[in-house]
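Chain residues, written in single-letter form:
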Amino acid sequence: MRNAEGAPGPTGGEAPNPEETYGADPALDQPPGVNAVSVLLSFGKCLGALLPVYLAGYFGFSISLVVFGLMVYMGWKCTREGKETRLRAALHQLEQEQDLTGTRIFRSKRDLPTWVNFPDVEKVEWLNKVLQQAWPFLGQYTEKLLLETVAPSLRASSPHLQTLSFTRISLGDKALKVVGVKAHTEMDRRQVMLDLYLSYVGDVEINVEIKKYFCKAGVKGIQLHGMLRVILEPLIGDVPLVGAVTMFFIRRPRLDINWTGLTNLLDIPGLNVMSDTMIMDAISSFLVLPNRLTVPLMADMHVAQLRSPLPRGIVRIHLIEADALAPKDTYIKGVMKGKSDPYAVLRVGTQTHTSRTIDNNLSPHWGEMYEVIVHEVPGQELELEVFDKDPDQDDFIGRMKMDLGAVKKAGVLDEWFTLKDVQSGRVHLRLEWLSLLPSADRLEEVLQKNLTVSSKTADPPSAAILVVYLDRAQELPLKKGNKEPSPMVQLSVQDTTRESKTCYSSSSPVWEEAFSFFIQDPRKQDIDIQVKDDDRALTLGSLCIPLSRLLMVSDLTMDQWFQLDSSGPASRIYIKAILRILWLNDAAPPTTPVSPSPSVLVPGEAGGDEEEGVKPGVSPGGVSVTPTPPITRPQHTNPEQSFASEGVLRIQLLQAQNLVAMDNFMMVKGKSDPYAVIRTGGVAFRSRVIKENLNPTWNEMFEVILTELPGQEVQCELFDKDLDKDDFLGRFKVSLKDIITSQYINQWYSLADVKSGRVHLILEWLPRMTETARLDQVLQYQSQVSYVNQAVLSSALLFVWVERAHSLPMKKSGKEPKAGVELTLKNTSHRTKVCDRSNAPEWEEGFSFLVHDPREEILFVKISHSWGMPLGSLVLPLREVLTGPDLVLDRWFNLDGAQSDSQILLRVALKILVSRETECGRGEVSATPLGEEGEMQDQPVPTPELSAANQDLRHRGVPVQGAVDHDNSLVGQVKLSLSYSSDENRLVIIVYACRRLPSCAKDGSDPYVSLILQPDKSRATKRKTNVKKKDLNPEFNERFDFELSLEESRRRKLELAVKNSVSFMSRERELIGKIHIDLAQLDLTSGVTQWYDLKEETT
């Protein structure tokens, strides 16, 4: 060292040669003590290396374990040294960049220094000087952030990290460098697009210590190289001139991290690839397309459209064939060359497709088709790599790369592309640019064209792309114990499912995520949305949207709140769904970015005049321009197409059978206290609790207003009422689409997720009519029916469209009011949105009400300022609607309690709800003649098309007195259910009730039912019910099981007698009526439930 400083050398006073100085042995200059220490350290290292071998032999471990450990260590050492070498080389190149450039030729632009100019990439040395100057202060900010924010958060996240601390934080002296900048001026004039070529070779050092576990870890040196795209948009005519800054990497950047401490284990072969992949996946989910980082620069800037814009287009890739590929399979240790088993991997951003493998072929023909979403052009590239499939490691055959901007310009590219990094080989591709059309006019043409597209892949060509922007939800149901849920969303289209992030502990989560789906035929496909808790077990709500609805709306876009099914009464979700038809053309039409908030105008947003680059109502600078209000007021409303499209579902919960016994005491099997919960359309109904009964009868009725959306479901769950937690007894679901199709369903439903049990429901989708003559008929029928839950059936459905108002009174301060409308009908109220300050507000909202008797009920309309100061009211008796044409009133109504010219424009429509039971009751005597015996079994056995409920209805109006002569023998009716349980191998007969029984004494009768399975009249085939005192319409609800096979049951005949319980000496009549049923004539496996006519026995 003294020689290097200019001290006299060994040859006298002559200065030494620098090369000789570097070649000198440094050990000669070390003091003797230092040499001894180095010898001891070397001896200790050798001893430490031999110690594992000794311990392995001492404890009897296999030598293979030692060899494996040595292999892992050598792999780690090699990976470690490689990282350090690359880092030192990069730092050396960075320090002597100017000298190295003059002595070598760079192979690509990414290797060029910042002072080299290219026509499209400009140097920004001034920016690098600014970054270098500010780098120490950025390091101070990073240190403050980690110590004051990150460290406390980590310590609070887990008890194991309570002793975590950062021992060293330094960003080093090497700042981030911008190698070059490319500006794209040929794109949208309302934005600035920059491509920054970044290179960071930093001596950053960050060390972490967990004192509790004596654990140290850290990072010492990072390399990062990539192209970052920065978009400044929208450009506005106000300071700061740019609304937001959006940043993302078009391709994954190259990252290399030099670990220290315990994290050195991440350099072990296998783990290093896994750790690097996990880190890159984390960066990609945040900053690599299609993910973007958007920083708003203005207050109230809605950046959702910037985070998730519509794609620029779709590229359909036809992988046709390859030729002259390199042979990779050799024989006899490489002496003989064979062929290859090629397959191709195609990548566009994060989208990857792999072809099938063609065995033993150097000119494979794939004939496959793939579709990829292109978010940015120019910039995004198609990367294709060809490999040879091998059992161990696949061999590389070649690659090609091209910018997809060339495909957009050409429309269709059908070319052979030469493979690079190999001696020979080329691949034949056909690339088609598909534009996004905001209209369904060419859908049929697209579908016909797709039929001619041939491909050997499983997925057919797509006709459209669906982009769903998931914004937020409100008032989701709480978990058990009134705990806040942690909701996430699953979106599914056919077999494709996407999942959103999880918003922890929130009943009103905000996701702000976008998802894309390829659609083969939007006329036949639906999107299913499930809101679930983070464990995926608890469903918080569901929604199904047929894509055919998008085809009927303008711009193929739905941007609104949707009510969630199987959820809380106020649970809803905000979604924007955009459908675009894929059209093969030379140039794609402009597209509209996704925006979750239609009511807020974002400067620079694309609209109807997209080709000119100016949205109607927006100035070129991006400032909102208020449209001129119309001079004349409309005389009638202009409701949406979906207005008055709702219908009424009537649900009658009759009974259940064979429920699971959940109340057990002292190992003795008991019963259950069942009740039912029915959910649909965001509404839940709960039945009453039936104590200690496994075959309960409810006979309760529920009604709900639903939109005619196929895909919704009626979900029924049964529970056993307990003091602490109610036990689950089973569930089932019924598709609303099936109910709408059949209009009327009377069926038993087996319970799922339990051993046994079934439930009897009647589901009816009520037809809506505008004939006032039907109203009296409906009201008469409703007066004759009753239900245990005291439900009063609705006779009509009321629709109200609130369009606008004018000349509303001002506030006392002279300011215009913020008006909202509240509609009230009996105990049901609905509110509109609150409009901005205006005395002529526009709401344009629709509502619906269930009406029990429109001749008596009144609709109250109240307008107020922010639900406080009244601005006017309207009282509208519904009998006025009955006098309107087609039961509709559409006009301006004068407001009471307001100014003399204050009015509101409403459309009030009434629809009469005509049940099938009402229709059957109108003409049952003449339309349904009885057979000679007057018994139901003489008629055809009910089928799925003609349910047992229809037979039930046809017998309700059979008169007991005053009928024709052959009906004189009828003495009432009995309701039975006959079925065969395959699970239990037994015949099940349920006696529900009797009606219209004759009186056997002055004070009535004491009826009971006796059953005999003929021809055997032994005790095993006889049953009878309990006696009902003084009741001519008794309800029994008793079940009888007969242990018979299905074949044996069909050979039996049921003799049922309804008798009057009399004493031995009584002179009262004992037999009331009797029926005979041949079980061979019934479908016992499906079950039959109906009313049977009792016949008086004659001699």
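Structure's up top.
Before going into details, it helps to say that this report is about the structure given with it.

**What to know about the overall build of the protein**
When its secondary structure is counted, the protein shows 17 helices and 50 strands. Across the 1099 residues in the protein, those meeting the buried criterion constitute 46%. Expressed as a percentage of contacts within the protein between residues at least 6 apart in sequence, the contacts between residues at least 24 apart total 65%. Here the protein has roughly 57400 Å² of accessible surface; of this, 53% comes from carbon and sulfur atoms.

**Some points on unusual backbone geometry**
The residue after Gln1014, namely Pro1015, is reached through a cis peptide bond having omega 10 degrees. Along the chain, Pro1015 falls in the loop between β45 (1007–1014) and β46 (1022–1024). The phi dihedral of Glu844 is positive, around 55 degrees, even though this residue is not glycine. By the secondary structure assignment, Glu844 is in strand β38 (residues 842–851).

**Thoughts on helix α9 (residues 443–451)**
For α9, the set of buried residues is Leu443, Val446, Leu447 and Asn450. Buried residues in α9, looked at end-on, bunch into an arc of 100 degrees, giving them a common side. Looking at the buried residues of α9, the elements they touch are β8 (313–323), α10 (547–551) and β25 (572–584).

**Some details on the sheet that holds strand β31 (residues 727–735)**
Reading across the sheet, the four strands line up as β28-β27-β30-β31 and stay open at both edges, with antiparallel pairing between neighbours. The sheet terminates laterally at β28 (683–686) and β31, the two strands that pair on one side only. The sheet shows a mean angle of 15 degrees between the axes of neighbouring strands, taken without regard to direction. Here strand β30 (residues 713–720) runs beside β31; their pairing, made up of eight bridges, is antiparallel.

**Considerations on the pairing of strand β33 (residues 758–765)**
Most of β33 sits out of view: eight of its eight residues are buried. By the alternation rule, side chains of β33 split into Arg758, His760, Ile762 and Glu764 and Val759, Leu761, Leu763 and Trp765, which are all buried. Note that strand β32 (residues 744–750) and β33 share seven bridges and pair antiparallel. Counterpart to Tyr744 in the pairing with β33 is Glu764.

**Quick notes on the pattern of salt bridges**
If the charged atoms of two oppositely charged side chains come close together, the side chains can form a pair. Counted according to the given criterion, the structure contains 42 salt bridges. Between Asp414 and Arg430 there is a salt bridge, with the nearest N and O atoms lying 3.6 Å from each other. Of this pair, Asp414 sits in strand β16 (residues 412–418) while Arg430 sits in strand β17 (residues 426–437); the two residues are 16 residues apart in sequence, bridging distant segments of the chain. Residue Arg430 is classed as partly exposed on the basis of its relative accessible area of 27%. Of the charged contacts, one joins Arg986 and Glu1043 as a salt bridge, the two residues approaching to 3.8 Å between their closest N and O atoms. In this pair, Arg986 is assigned in strand β44 (residues 986–995) and Glu1043 in the loop between β47 (1035–1042) and α17 (1046–1050), connecting sequence segments 57 residues apart. Salt bridges sharing partners connect three or more residues here, namely Asp195, Arg229, Arg292, Arg312 and Glu376.

**Re the sheet that holds strand β26 (residues 646–657)**
One open sheet accounts for four strands, arranged β29-β26-β33-β32; its pairing is antiparallel. Whereas interior strands pair on both sides, the edge strands pair on one side only; in this sheet they are β29 (697–707) and β32. On average, adjacent strands in this sheet sit at an angle of 20 degrees to one another, irrespective of strand direction. Note: β26 against β33, eight bridges, orientation antiparallel. Considered in β33, the bridge of Leu653 is made with Leu761.

**A few points about the side chain of Glu1055**
For Glu1055, the location among the structural elements is in strand β48 (residues 1053–1060). Looking at Glu1055, the relative accessible area reads 13%, which means it is buried. Among the polar contacts listed, one links the side chain of Glu1055 to the side chain of Gln1014, at a separation of 2.3 Å. Setting aside its immediate chain neighbours within four residues, Glu1055 contacts Ser1010, Leu1011, Ile1012, Gln1014, Lys1074, Ile1075 and His1076.

**Remarks on the pairing of strand β13 (residues 365–374)**
Here β13 lies mainly inside the structure; eight of its 10 residues are buried. In this sheet, β13 lies alongside β8 in antiparallel orientation, the contact comprising eight bridges. Within β13, the residue paired with Leu319 across the bridge is Glu368.

**Section: the nonpolar core**
Leu466, Phe517, Ile527 and Ile573 are the most contacted members of the largest nonpolar core, which totals 38 residues. Listed in part, the 37 residues of the second largest apolar core include Leu779, Trp843, Leu859 and Leu887.

**Section: helix α12 (residues 773–782)**
With seven of 10 residues buried, α12 is to be regarded as a mostly interior element. Residues Arg774, Leu775, Gln777, Val778, Leu779, Tyr781 and Gln782 constitute the buried set of α12.

**Some points on the environment of Asp421**
Relative to the assigned elements, Asp421 resides in the loop between β16 and β17. The class for Asp421 is exposed, based on a relative accessible area of 58%. Sequence spacing of Asp421 and Gly398 is 23 residues, and the spatial spacing of their C-alpha atoms is 5.9 Å. Apart from the residues within four sequence positions on either side, Asp421 is in contact with Phe396 and Arg399. Of the polar contacts made by the side chain of Asp421, one reaches the side chain of Arg399; its length is 2.5 Å.

**Comments concerning the packing of aromatic side chains**
One pass over the full model with this rule turns up 10 aromatic pairs. An angle of 75 degrees between the planes, with centres 6.2 Å apart, marks the rings of Phe643 and Phe799 as edge-to-face. A residue pair is termed long-range when its members are at least 10 positions apart, and Phe643 in the loop between β25 and β26 and Phe799 in strand β35 (residues 796–806) qualify at 156 residues. For the pair shown, Phe643 and Phe799 are each scored as buried. In textbook terms, an aromatic cluster arises when at least three aromatic residues are bridged by ring pairs, as seen for Tyr343, Phe387 and Phe396.

**Here's the deal with a nonpolar patch on the surface**
On the surface, Leu51, Tyr54, Leu55, Tyr58 and Phe59 cluster together into a nonpolar patch covering about 580 Å² of accessible area. Structurally, the position occupied by Leu55 is in helix α2 (residues 32–58). Of the residues examined, Leu55 reaches a relative accessible area of 34% and is grouped as partly exposed.

**Structural notes on the side chain of Ser199**
Assignment of secondary structure puts Ser199 in strand β3 (residues 192–210). Accessibility expressed as a relative area gives 18% for Ser199, which makes it buried. Only 3.1 Å separates the side chain of Ser199 from the side chain of His225, close enough to count as a polar contact. In this structure Ser199 touches Leu176, Lys177, Val179, Leu224 and His225, once residues within four positions along its chain are discounted.

Thresholds, definitions, all that
Residues numbered from 1 in each chain as written. Predicted model: local features only at pLDDT ≥ 70, side-chain atom pairs only at ≥ 80, totals over all residues. Heavy atoms only, no water. Helix = DSSP H or I, 4+ residues; strand = E, 2+ residues; numbered from the N terminus. Buried < 20%, exposed > 50% of the residue type's maximum accessible area, 1.4 Å probe, protein only. Contact = heavy atoms within 4.5 Å. Areas by Shrake-Rupley, 256 points an atom, 1.4 Å probe, with all protein chains shown as cover. Arc of directions from axis to C-beta. Pairing = 2+ DSSP bridges. Axes fitted to C-alpha atoms, helices over the stretch in contact; angles between N-to-C directions. Salt bridge = Lys/Arg side-chain N within 4 Å of Asp/Glu carboxyl O. Polar contact = N/O pair within 3.5 Å; in protein donor to acceptor, adjacent residues only side chain to side chain. Core = buried A, V, L, I, M, F, W, Y, C linked by side-chain atoms within 4.5 Å. Phe/Tyr/Trp six-rings, centres within 6.5 Å; stacked < 30°, edge-to-face > 60°. Patch = residues over 30% accessible without salt bridge, like charges linked within 9 Å, V, L, I, M, F, W, Y side chains within 5 Å.

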